[in-house]
Every structure is written in C-alpha cells, then in structure tokens.
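In case you want the letters, here they are:
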Amino acid sequence: MKTFYITTPIYYPSANLHIGHAYCTTIADAIARYKRLAGYEVFFLTGSDEHGQKIQRTAQAENKTPLEYVDPIVENFKELWKKFYISNDDFIRTSEPRHEKVVQEIFKRIQDNGDIYKGEYTGLYCTPCESYWTELQLDENGCCPDCHRPVEKVSEEAYFFKLSKYADKLLQHIEEHPEFIVPTSRRNEMINFIKSGLEDLCISRTSFDWGIPVPGDERHVIYVWFDAVINYITPLIHNPDMKKFWPADIHLVGKEIVRFHTIIWPAMLMAANLPLPKQIYGHGWLVTDSGKMSKSKGNVVDPVALVEEFGADAIRYFLLREITLGLDGNFNRDALIQRINSDLANDLGNLLHRTLNMIGKFQKKILIASTEGTDLDKSFRLEALDTAAEYRRLMDNVQLSDAVKVVWKFIGRANKYIDETTPWKLAKDETKRQELANVLYNLAESLRIVGILISPFMPATAEKIFEQLKVSSEPKLDDAEVFGLLEANHEVGKPEQLFPRILIED
Ligand SMILES: [Zn+2]
C-alpha cells in the first residue's frame with residue numbers, strides 16, 4: 001500500500017488558542033483525509049512544543065513546574081482538535097520520554113559525525129521567539145524581525161551545529177528539487193537566505209534547564225528548535241512498522257517558520273545521514289481586518305466559541321474555501337455567515353433536501369433503474385465525472401480551495417438540473433415515469449459523489465449525506481469516479497436539514 005506522511009508544526013502551548021491554530025491543522029487534516037480516501041496508508045502527526053526559557057519563566061511566575069503549567073494547555077489543544085474533527089494518528093509532546101531519547105540520539109549521532117562542537121556564543125536573543133538574530137536581521141527599531149519585541153545580548157558557553165558546512169549541499173538540493181519548498185515565493189526567499197551566508201547554529205543553553213539535556217554534558221539543555229523539529233521522526237525511528245513513513249511527504253508549516261524547516265532541519269538530517277522530507281509547504285497567515293491575530297492586538301478569534309456557534313464543518317469549509325493555501329487569508333465573521341447561508345444551507349442543503357423529498361414523494365423513497373435518458377441527462381452525468389476527475393487533480397496538487405470550488409460548481413449545476421428538468425411536472429404525467437426516474441436517479445448519484453468529494457473537508461456533513469442516502473459511510477475516491485453505483489430499488493432515507501440558515505441581525 002502507498003504511504004503518506006503529513007505533519008503540522010508542533011504548537012507552542014499558548015493559553016490563548018485562536019483560529020490560526022485551527023487553520024493549519026484543518027488543512028493538514030483535509031489532506032490526510034483525502035489521501036486516506038485515495039487509498040493511501042496515512043500517518044498524520046501533530047503535537048506540542050513544550051520546552052524553553054519562556055515556558056519556564058511563565059510557569060515560575062505562576063508558581064508551577066513547567067509541566068504543571070503546560071499540561072492543561074495541551075489538553076485544551078487535544079480537545080480543540082476533537083471538536084474540529086482532526087484525524088491525527090499521533091500527538092507528540094516534546095516533554096515525553098520517547099522524544100527526549102530520540103533527540104539525544106540524534107544529537108549524539110551528529111556529534112559523532114563531527115558536526116557539533118563546543119564554543120562561546122554571544123548573540124541577540126528574542127526570548128518569546130526563542131531565536132537568535134544577527135544585527136543585520138533586526139527590524140528598523142533594532143528589535144526581533146518576527147515579533148518586533150526587544151532582543152537581549154546573551155553570552156554563554158555553548159554547543160554549535162556546523163550549519164555553514166551544509167550551505168552548498170542545501171542549495172544544490174533545493175535547486176534539484178523544485179517541489180522541496182512551496183510556494184515558489186518562499187523557495188526564492190530561502191535560496192537568497194542561504195546565499196547571504198549561513199552561520200553555525202548555537203544549539204545549547206546553560207541559562208535555564210527546562211529542556212532536553214545534552215548527552216554527556218547535562219549543564220546544557222538542547223536549543224528548542226533543534227529539539228522541536230526532531231519530533232517528526234520521533235514516532236518512526238525505532239518502530240519497524242512506522243519506518244516506511246519516512247521521509248515525510250509534507251511538513252505543513254506557517255510561513256514564519258519556513259526557515260527552520262527548510263534550512264536547519266534538512267541540514268540536521270544530512271548531518272545525521274537521514275533522508276530529507278519531500279516537501280515543506282509554507283502556508284500563509286490567517287488575518288482579520290486588523291492584521292495578524294495576536295493577543296496584544298485584541299483581535300483573536302476564539303475557535304472553541306466559533307465551533308459551538310456554527311459547528312466545525314462550517315468553519316472548516318470556510319477556511320478551506322476562502323483561503324488559497326500559501327497566501328494570507330482573511331477571517332471575517334460576516335463572510336463566514338454568508339458562506340454558511342449561501343453555499344451550505346442553500347446550495348448543498350437544498351440539493352439534498354429537494355432530491356430526497358422528491359424521491360420520497362414521487363417514488364416512495366425507492367430509486368428506479370435509469371436509462372440513458374436525454375442529452376441533458378447525459379451531459380449532467382459527464383459533468384459529475386469531470387468534477388471528480390478535476391477534484392482528484394487539484395487535491396493531488398494540494399490546491400484545496402480550488403478543489404472545494406469545483407465541487408460547489410457542480411452542486412450549482414445539480415440544482416440547475418432540477419430547475420431544467422422540473423421533476424414535479426414530470427410526476428404529473430403518467431407517460432414521463434421513466435424520465436422522472438432518470439432525473440431522480442441522477443440526482444441521488446450526484447449526491448453520493450458529492451458526499452465522497454466533500455468528506456475530507458466536512459467529515460460530519462459527508463456522514464449525514466451518506467446516512468440520508470443510506471449508503472456506506474466508508475467512502476472511497478474511486479467510487480466517486482463511477483456514475484451508477486446506486487442500485488435500482490435502493491431505498492433512500494428521509495431528508496433532514498444539514499445547515500440551518502443563520503439570521504443576520506442588523
Ligand atoms: Zn521575537
């Protein structure tokens with residue numbers, strides 16, 4: 001069986017969850033579900049990145065140990081993923097012993113290969129970002145280029161990773177593998193970054209101890225980024241059944257951490273004699289009308305409240321449809337409500353409701369064997385198949401938003417097919433029985449296909465469609481590429497509303 005391995009970044013345990021956390025994970029989930037639908041054996045990993053000075057300081061301020069501080073936050077993450085129907089196969093916490101062990105092994109391996117040495121580090125450090133910066137990289141106010149907070153000058157004995165040694169090898173790899181960094185804009189950024197020169201990377205700290213100790217020199221803890229990225233191989237490296245998943249197919253990451261994933265992580269893997277991941281996909285940020293969501297700006301959208309209000313599928317739909325992967329996307333409540341009312345309640349909800357209602361009313365819920373029918377019937381069936389083929393092409397290319405749009409274009413076509421064929425008129429004419437049966441059969445089939453195609457985006461809604469159609473709830477992509485799988489005499493269920501319309505208050 002073909003395998004597919006996708007990861008999200010492991011998230012920093014922030015007490016303030018926002019919809020941005022859910023965005024990245026929803027994309028990864030849709031891709032993972034699609035690959036399972038297409039017959040792959042999938043491993044989907046997410047987790048939490050728990051070490052570092054900032055966590056230690058925050059915990060101390062609350063009179064807690066780092067773990068006491070982090071545990072409930074991590075539980076909230078896990079709860080949120082359940083609410084969003086995230087189908088991850090594993091959840092890794094960097095504080096787990098299984099991870100600590102692998103990090104120390106990789107450290108040792110790179111050290112034994114001669115690529116880790118001891119030196120003295122003086123640098124400008126941003127504590128919130130856990131990143132060292134050079135003078136040149138600072139913003140116009142001399143602050144961290146990522147978060148724009150002040151940096152501190154820090155000097156300490158430290159271990160270094162020979163990152164500079166890998167500059168040429170990395171460039172060569174990136175140039176020989178155009179698919180390694182996507183989108184192209186990020187690829188070009190990284191090529192320029194490497195060409196501007198790579199310095200060796202300081203990978204240990206002595207100023208705090210909430211981290212994984214350097215093997216054989218326990219005064220030092222391993223730099224959080226060096227520790228964190230190793231999570232991607234932690235569940236695989238010692239498990240004979242899991243090794244087949246490496247190298248990962250996609251590391252999905254936010255654009256602000258592409259640098260760690262396309263430069264430091266691959267260099268570490270090269271130094272440890274391990275194969276590189278096939279692709280790093282840098283997605284954009286979810287912004288609101290007032291910019292990137294952050295606590296200080298007070299524009300954080302709480303995903304838990306949102307799910308409780310609208311349901312996870314509606315939010316998943318909105319995120320996957322509205323935001324082109326790779327670009328920044330705007331999160332806007334009015335736009336969400338509009339999409340729910342027009343695309344979900346109206347287009348999809350009505351199609352299902354009208355179809356089942358008519359099959360119930362005109363044929364006692366029973367499908368009747370269809371014939372080839374009119375030219376309109378034939379072109380409608382072809383459109384269903386074209387939709388499934390185009391969907392596969394787009395999903396294979398990770399163009400999620402385009403794939404959603406293609407399905408909804410077909411849903412629009414199906415609603416129009418009802419208006420054009422006017423089944424309620426056919427039902428009044430005894431001589432049009434077969435014509436009516438054809439139309440209703442084609443509609444039921446198209447809903448079966450739509451249910452399969454939307455299952456990676458909206459798993460609960462797909463399930464409801466399958467239930468109402470009374471078909472198997474174990475969808476396969478291949479079954480969406482065949483028209484006519486529903487048997488004659490198949491009995492459908494009763495229509496139930498998929499999405500209530502949301503009243504807009506002025
Ligand atoms: Zn920063």
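None of these values were measured; they are calculated from a predicted model.

A. Expanded view of the overall build of the protein. In terms of helices and strands, the protein carries 16 helices and 16 strands. Taken over the C-alpha atoms alone, the protein extends approximately 90 × 50 × 40 Å along its principal axes. Across the 506 residues in the protein, those meeting the buried criterion constitute 56%. Residue pairs in contact within the protein that sit at least 24 positions apart in sequence constitute 77% of those at least 6 positions apart. As displayed, the protein has an accessible area near 21,700 Å², and 49% of this comes from carbon and sulfur atoms. If you average the places of the 60 positive and of the 74 negative side-chain charges in the protein, the two averages end up 4 Å apart.

B. Just the packing of aromatic side chains, in detail. Inspection of every chain in the model, using the stated rule, returns 23 aromatic pairs. Ring geometry for W246 against W265: centres 6.1 Å apart, planes inclined by 70°, an arrangement best described as edge-to-face. Placement of W246 in the loop between helix 7 (224-229) and strand 12 (250-254) and of W265 in helix 8 (residues 258-271) is noted, with a sequence separation of 19 residues between them. Across this residue pair, the class does not change: W246 and W265 are buried. Where Y391 meets F457, the ring centres are 6.1 Å apart and the plane angle is 70°; that geometry is what we call edge-to-face. Of this pair, Y391 sits in helix 12 (residues 375-396) while F457 sits in the loop between helix 15 (433-454) and helix 16 (459-469), placing them 66 residues apart in sequence. What links up through ring pairs into an aromatic cluster is the set Y5, F43, Y232, F245, W246 and W265. Directly above the ring of Y40 sits K2, whose terminal nitrogen or CZ lies 4.4 Å from the centroid. Over the ring of Y40 we find K35, and its NZ or CZ is 4.6 Å from the ring centre.

C. Quick peek at the pairing of strand 4 (residues 116-126). Taken together, the 10 bridges between strand 4 and strand 6 (residues 152-161) define a ladder with antiparallel strand orientation. Pairing of L124 across the sheet is with K153, part of strand 6. Sheet analysis places strand 4 next to strand 5 (residues 131-133), joined by 3 bridges and oriented antiparallel. Residue pairing in the sheet places Y125 in a bridge with Y132 of strand 5. Linking strand 4 to strand 5, which pair antiparallel, is a turn of 4 residues; within it E130 sits at a positive phi near 50°.

D. Geometry of the sheet that holds strand 11 (residues 217-222). Sheet architecture is open: 3 strands sit in the order 9-11-10, paired in antiparallel fashion. The sheet terminates laterally at strand 9 (204-205) and strand 10 (213-214), the two strands that pair on one side only. Where strand 10 meets strand 11, 2 bridges bridge the pair, whose relative direction is antiparallel. Opposite P213, over in strand 11, you have V221 as the bridge partner.

E. Just helix 6 (residues 184-195), in detail. Over its 12 residues, helix 6 extends 16 Å from the first C-alpha to the last, a length consistent with the 16 Å expected when each residue adds 1.5 Å. Along helix 6, the residues that are buried comprise R186, R187, M190, I191 and I194. The buried residues of helix 6 occupy an angular sector of 140° when the element is viewed end-on, so they sit on one face. Along helix 6, exposed side chains directed more than 90 degrees from the buried face belong to N192 and K195. Buried residues in helix 6 make contact with helix 5 (167-176), strand 7 (181-182), helix 8 and strand 13 (280-283). Looking at the residues trailing helix 6, positive phi occurs at G197, about 105°.

F. Layout of the pairing of strand 2 (residues 41-48). Buried residues dominate strand 2, accounting for 7 of its 8 residues. Here 7 bridges tie strand 1 (residues 3-11) to strand 2, and the two strands are oriented parallel to one another. Bridge assignment links I10 to a residue of strand 2, and that residue is G47. Chirality of the crossover, the property in question, places the unit of strand 1, helix 1 (residues 19-37) and strand 2 among those that are right-handed.

G. Looking closely at the packing of helix 1 against helix 10 (residues 312-322). Following both chains from N to C, one finds helix 1 and helix 10 inclined at 85°, their axes separated by 10 Å at the closest point. Relative to helix 10, helix 1 is oriented roughly perpendicular. Of the residues in helix 10, those touching helix 1 at I19, Y23, T26, I27, D29, A30 and R33 are I315, R316, L319 and L320.

H. Quick peek at the state of the cysteines. For the structure shown, the criterion picks out 0 disulfides. Here C143 stays free of any disulfide, with the sulfur of C147 as its closest cysteine sulfur at 8.2 Å. A relative accessible area of 14% places C143 in the buried class.

I. Spotlight on the domain arrangement of the protein. The domain boundaries assigned to the protein delineate domain 1 (3-313) and domain 2 (341-481). Of note, the centres of domain 1 and domain 2, computed from C-alpha atoms alone, are 42 Å apart. Across the boundary between the two partners, domain 1 contributes 12 residues, which contact 17 residues of domain 2. Where domain 1 abuts domain 2, roughly 1,300 Å² becomes buried across the two surfaces, and 68% of that area is made up of carbon and sulfur atoms.

J. Broad picture of helix 8. End to end, helix 8 covers 19 Å across 14 residues, agreeing with the expected 20 Å (1.5 Å per residue, within 8%). Taken as a whole, helix 8 carries its principal kink of about 25° at W265; the proline P266 stands between one and four residues after it. Among the 14 residues that make up helix 8, 14 are buried, leaving the element largely enclosed by the rest of the structure.

K. Representation of the pattern of salt bridges within the structure. Considering all chains together, one arrives at 36 salt bridges under this definition. Across the pair D217 and K118 runs a salt bridge, and its minimum N-O distance is 3.2 Å. Highlighted residues: D217 in strand 11 and K118 in strand 4, separated in sequence by 99 residues. The class for D217 is buried, based on a relative accessible area of 12%. What makes K118 partly exposed here is its relative accessible area of 42%. Residue R186 pairs with E189 through a salt bridge whose shortest N-O separation is 4.0 Å. Of this pair, R186 and E189 both sit in helix 6, 3 residues apart, roughly one helical turn. R186 gets classed as buried once you look at its relative accessible area, which sits at 8%. Sharing partners across several salt bridges, the network here consists of K118, E157, D217 and R219.

What counts, and where the lines are drawn
Residues numbered from 1 in each chain as written. Predicted model: local features only at pLDDT ≥ 70, side-chain atom pairs only at ≥ 80, totals over all residues. Heavy atoms only, no water. Helix = DSSP H or I, 4+ residues; strand = E, 2+ residues; numbered from the N terminus. Buried < 20%, exposed > 50% of the residue type's maximum accessible area, 1.4 Å probe, protein only. Contact = heavy atoms within 4.5 Å. Areas by Shrake-Rupley, 256 points an atom, 1.4 Å probe, with all protein chains shown as cover. Lys, Arg positive; Asp, Glu negative; His and termini not counted. Charge placed at Lys NZ, Arg CZ, Asp CG, Glu CD. Phe/Tyr/Trp six-rings, centres within 6.5 Å; stacked < 30°, edge-to-face > 60°. Lys NZ or Arg CZ within 6 Å of the ring centre and 35° of its normal. Pairing = 2+ DSSP bridges. Expected span 1.5 Å × (residues − 1). Arc of directions from axis to C-beta. Right-handed = clockwise from strand over helix to strand, strands pointing away. Axes fitted to C-alpha atoms, helices over the stretch in contact; angles between N-to-C directions. Parallel < 35°, antiparallel > 145°, perpendicular 65-115°, else oblique. Disulfide = S-S within 2.5 Å. Domains from an automatic or database assignment. Buried area = accessible area lost by both parts, 1.4 Å probe. Bend = angle between axes of the 7 residues up to and from the residue. Salt bridge = Lys/Arg side-chain N within 4 Å of Asp/Glu carboxyl O.

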